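Fold and geometry: a report
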Amino acid sequence: QSALTQPASVSGSPGQSITISCTGTSSDVGSRNLVSWYQQHPGKAPKLMIYEGSKRPSGVSNRFSGSKSGNTASLTISGLQSEDEADYYCCSYAGSGPSWVFGGGTKLAVL
Amino acid sequence: QVQLVESGGGVVQPGGSLRLSCAASGFTFSRYGMHWVRQAPGKGLEWVAFIQNDGRDKWYADSVKGRFTISRDSSNNTVYLQMNSLRHEDTALFYCAKDLPGTYTVDYWGQGTLVTVSS
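All of these numbers come straight from a predicted model, not from anything done at the bench. (Residues numbered from 1 in each chain as written. Chains lettered and ligands numbered in written order. Predicted model: local features only at pLDDT ≥ 70, side-chain atom pairs only at ≥ 80, totals over all residues. Heavy atoms only, no water.)

Brief notes about the overall build of chain B
The helix and strand inventory of chain B stands at zero helices and 11 strands. Ordered by position in the sequence, the α and β elements of chain B form the string β-β-β-β-β-β-β-β-β-β-β. Scaling as 2.2 N^0.38, a compact globule of 119 residues should have a C-alpha radius of gyration of about 14 Å, and chain B matches this with 13 Å. Across its three principal directions, the C-alpha atoms of chain B cover 40 × 25 × 25 Å. Looking at the 119 residues of chain B, the share that counts as buried comes to 49%. By sequence separation, contacts in chain B at least 24 residues apart represent 53% of the contacts at least 6 residues apart. For chain B, the exposed area adds up to about 5400 Å²; of that, 44% sits on carbon and sulfur atoms. (Helix = DSSP H or I, 4+ residues; strand = E, 2+ residues; numbered from the N terminus. Rg over C-alpha atoms; globule rule 2.2 N^0.38 Å. Buried < 20%, exposed > 50% of the residue type's maximum accessible area, 1.4 Å probe, protein only. Contact = heavy atoms within 4.5 Å. Areas by Shrake-Rupley, 256 points an atom, 1.4 Å probe, with all protein chains shown as cover.)

A few points about the nonpolar core
Membership of the largest hydrophobic core comes to 47 residues, with the highest contact counts inside it found for Phe102 of chain A together with Trp36, Val79, Leu81, Met83, Phe94 and Trp109 of chain B. Ignoring any residue separated from it by four or fewer positions in sequence, one finds phenylalanine 102 of chain A in contact with Ala3, Leu4, Tyr38, Tyr89, Cys90 and Cys91 of chain A together with Val37, Leu45, Glu46, Trp47 and Trp109 of chain B. In terms of nonpolar packing, the next biggest core, distinct from the first, is built from 23 residues, Val29, Trp37, Leu75 and Val101 of chain A among them. (Core = buried A, V, L, I, M, F, W, Y, C linked by side-chain atoms within 4.5 Å.)

Have a look at this one:
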């Protein structure tokens, strides 16, 4: 399984909205709505932000939302805050084994 | 609250072996599948292995298949990763994580244990 494709970096100003894309194939992202998104601050463990494409775990701000179209999943963060500055990773269940595949990660800068 | 505490990391020579442990608490361990995920220094996340809640099924990334073995002991709420034939490219921070049942989602993560493969 090849890694999912994410932009290396995105940036936005406080209060703005940004979207991070995650492109896979018909064997992973496109085959089922089992994409999850993680936030990782420097030196910290990843934290689950979105699962099953668009569901938020308890305690995650509703400023975070997920969607999918075809082989591409997206994470949108609205009302950007300084504490949102972190690395974000997508992950898809990929069957065939089964297995899970991660994206390469996107560094979000809040300017 | 959920706690996952990894241990067993260290420096090992290429071709060597290491066993990682992950002690779980704060949830009913026997009901949850468990993952190992690694992160090479400065790099992204890579899924390594998964074991079902009852330990019957185990799945591995192609990069570690045949070299790593995941196991669990529900009597002491611990999941293990036996790593053999280690390579330089196995150098990484290894995270233990619990599954979110029925969703195929890597849920809560521990803080990780560092494995360095170096001669």
